[in-house]
Amino acid sequence: MIPVTDIAQFIRLSEDGFPESNVFFPTEDIWEASYPVDFSEIYGQKMLRRACEIAVSGMHNLLMIGPPGSGKTMTARRIPTILPDLTREEKLELSQIYSICDLLDEKRIIRSERPFRTPHHTSTPQSIAGGGKYPRPGEISLAHHGILFLDELPEFSPRTLEVLREPLEEKQIHISRLDANITYPADFILVASMNSCPCGYFPDRSRCSCSPNAIHHYVNRISQALLDRIDLCVETQEISWNEMQNRELSESSAEIRRRVERTHAIQQKRYCDESYRYNSQISGSDLEVYCALDEESHKRMAEKYEEYRLSARTYSKILKIARTIADMEESPVIRWRHLEEAFLYRSPNKKYWRC
């Protein structure tokens, strides 16, 4: 089935040999996104909610670390609901990918919702990247314009995680076969979750009996190369009784999405002459242009850089996150408070991996 928007397009398609029975005119309800979940269903977790908003505001990758039952998966499933609606062009592009994989609903063949793909940790590299005798899109392409959620990240095989490196950088995946070379789009936000140790309760030693070696082995299943491509790292906490009862403080997805749309608009205006659109994509050569620091902030960051022995890549991540936080406040200048908050989202990384 081929969607058309006007009679002129219908005529052109017919002239190209497409049967009229395979062409349809989408109605307005086909284009509307509808999600069965909402951010208002998440209680407490103030820092986690904030990290999610920062992530989608700048299109940053996110890692959640915390004990079982602290809401990691529940939160991840609601992240698509705070992203702006897909444009018409994005809906058509996404629908083409899903059509190739026979994943479109016959009654609603235009994909309007942001994808949320959650492959199991036993997934093969091919199922993630795509391939086969006749190459088909994998999970990273099915997550295009949406979220790829990897739950229990350390349980994935190193070979499977390795295939993420190219698409996380290039926003597409190249599949080579003897008789074909195919490129599929793969522009997604990576959201991952993990426990802090095999049992999940470290550093609470009243419940965690994992040895230091077991903890070290567990967290180091994730390579530094992949960690370098994750922008924000946040610890989740178990929900208290009072937080469970204080439901009126939970903002809805619609409220958060309005702020995200405003922040996206700021970035699209700023980068109108660039090849990228979001803060997470700022090239290294442009960091000094778009993430310039005042004298005080520059001095303080120099001290942090030496104190924590930051890598150049980590430093650039902090700058990009701070740029997003500043945009969320509609501040044209990155202030020290923006950098300080950005640094907080790198701290768990340093705590668990000490690198």
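Since the model is a prediction, treat every value here as computed from it, not as a measurement. (Residues numbered from 1 in each chain as written. Predicted model: local features only at pLDDT ≥ 70, side-chain atom pairs only at ≥ 80, totals over all residues. Heavy atoms only, no water.)

Novice: Could you give an account of the overall build of the chain, naming the residues involved and the relevant values?
Specialist: Along the chain, the regular secondary structure elements total 18 helices and 11 strands. Relative to its 355 residues, the chain shows a buried fraction of 48%. Considering only residue pairs separated by 6 or more positions, the chain has 71% of its internal contacts joining residues 24 or more positions apart. A total of about 17900 Å² of accessible surface is found on the chain, and carbon and sulfur atoms cover 49% of it. (Helix = DSSP H or I, 4+ residues; strand = E, 2+ residues; numbered from the N terminus. Buried < 20%, exposed > 50% of the residue type's maximum accessible area, 1.4 Å probe, protein only. Contact = heavy atoms within 4.5 Å. Areas by Shrake-Rupley, 256 points an atom, 1.4 Å probe, with all protein chains shown as cover.)

Novice: Any details on unusual backbone geometry? Residues and values, ideally.
Specialist: Put simply, F202 and P203 share a cis peptide bond, and its omega is 10°. Here P203 shows up in the loop between β10 (189–194) and α10 (212–219). The backbone of D102 shows a phi angle near 55°, a positive value even though the residue is not glycine. Given a relative accessible area of 62%, D102 falls into the exposed group. Backbone geometry at E152 places phi at a positive 55°, although glycine is not the residue there.

Novice: A description of the side chain of H264 should follow, citing residues and the corresponding values.
Specialist: With respect to the helices and strands, the residue H264 is situated in helix α13 (residues 253–270). In terms of polar contacts, H264 uses its side chain to reach the backbone carbonyl oxygen of V56, at 2.7 Å. Apart from the residues within four sequence positions on either side, H264 is in contact with V56, S57, M59, P84 and Y278. (Polar contact = N/O pair within 3.5 Å; in protein donor to acceptor, adjacent residues only side chain to side chain.)

Novice: Could you give an account of the packing of helix α3 (residues 46–58) against α13, with specific residues and numbers?
Specialist: At a closest axis distance of 8 Å, the pairing of α3 and α13 adopts a crossing angle of 35°. Read as a crossing pair, α3 and α13 show a hand that is right-handed. In contact with R49, E53, V56, S57 and G58 of α3, α13 contributes I256, R259, V260, T263, H264 and Q267. For the contact of α3 with α13, a count of residues per class yields three nonpolar, five polar and three charged. (Axes fitted to C-alpha atoms, helices over the stretch in contact; angles between N-to-C directions. Left-handed = near helix turned anticlockwise from the far one by under 90°. Nonpolar A, V, L, I, M, F, W, Y, C, P; charged D, E, K, R; others polar.)

Novice: Tell me about the sheet that holds strand β7 (residues 147–150), and please be specific about residues and values.
Specialist: One open sheet accounts for five strands, arranged β4-β7-β10-β3-β11; its pairing is parallel. Where the open sheet ends on each side, the last strands, each with one partner, are β4 (116–117) and β11 (232–235). As judged from the four bridges shared by strand β3 (residues 62–65) and β11, these two strands associate in the parallel manner. Looking across to β11, one finds that M64 is bridged to V234. (Pairing = 2+ DSSP bridges.)

Novice: Give a detailed account of the pattern of salt bridges, specifying residues and quantitative values.
Specialist: According to the stated counting rule, one finds 20 salt bridges in the structure shown. Its salt-bridge partner being R313, residue D228 comes within 3.8 Å of it at the nearest N-O pair. Pair noted here: D228 is in the loop between α11 (224–227) and β11 and R313 is in helix α16 (residues 312–328), with a separation of 85 residues, a long-range link. A salt bridge links D327 to R270; its shortest N-O distance comes to 2.5 Å. Here the residue D327 occupies a position in helix α16, and R270 occupies one in helix α13, the gap between them amounting to 57 residues. (Salt bridge = Lys/Arg side-chain N within 4 Å of Asp/Glu carboxyl O.)

Novice: Describe the packing of aromatic side chains, and please don't skip the residues or the numbers.
Specialist: Going through the model one piece at a time under the given rule, you end up with five aromatic pairs. By way of ring pairs, the aromatic residues Y271, Y276 and Y290 are connected into one cluster. Across from the ring centre of Y98, 4.7 Å away, lies the NZ or CZ of R111, which sits over that ring. Between the NZ or CZ atom of K304 and the centre of the ring of F343, over which it lies, the distance is 4.8 Å. (Phe/Tyr/Trp six-rings, centres within 6.5 Å; stacked < 30°, edge-to-face > 60°. Lys NZ or Arg CZ within 6 Å of the ring centre and 35° of its normal.)

Novice: Which residues make up empty space enclosed by the protein, and what values go with them?
Specialist: Evaluated as defined, the whole model comprises two cavities of 30 Å³ or more. Within this model, the largest cavity holds a volume of roughly 80 Å³. Every residue lining the largest cavity is listed: M59, L83, E90, R114, H145, D187, F188, H264, R277, Y278 and Q281. When the residues that make up the lining of the largest cavity are grouped by side-chain class, the tally is four nonpolar, three polar and four charged. Computed from the structure, the second largest cavity encloses a volume of approximately 40 Å³. Lining the second largest cavity we find M59, N61, K171, D187, F188, I189, S280 and Q281. Classifying every residue of the lining of the second largest cavity gives three nonpolar, three polar and two charged. (1 Å grid on protein atoms, 1.4 Å probe; cavity = no way out; pocket = protein on both sides within 12 Å on 5 of 7 lines; lining within 4 Å. Points joined across faces, edges and corners; volume = space filled by probe spheres on them.)

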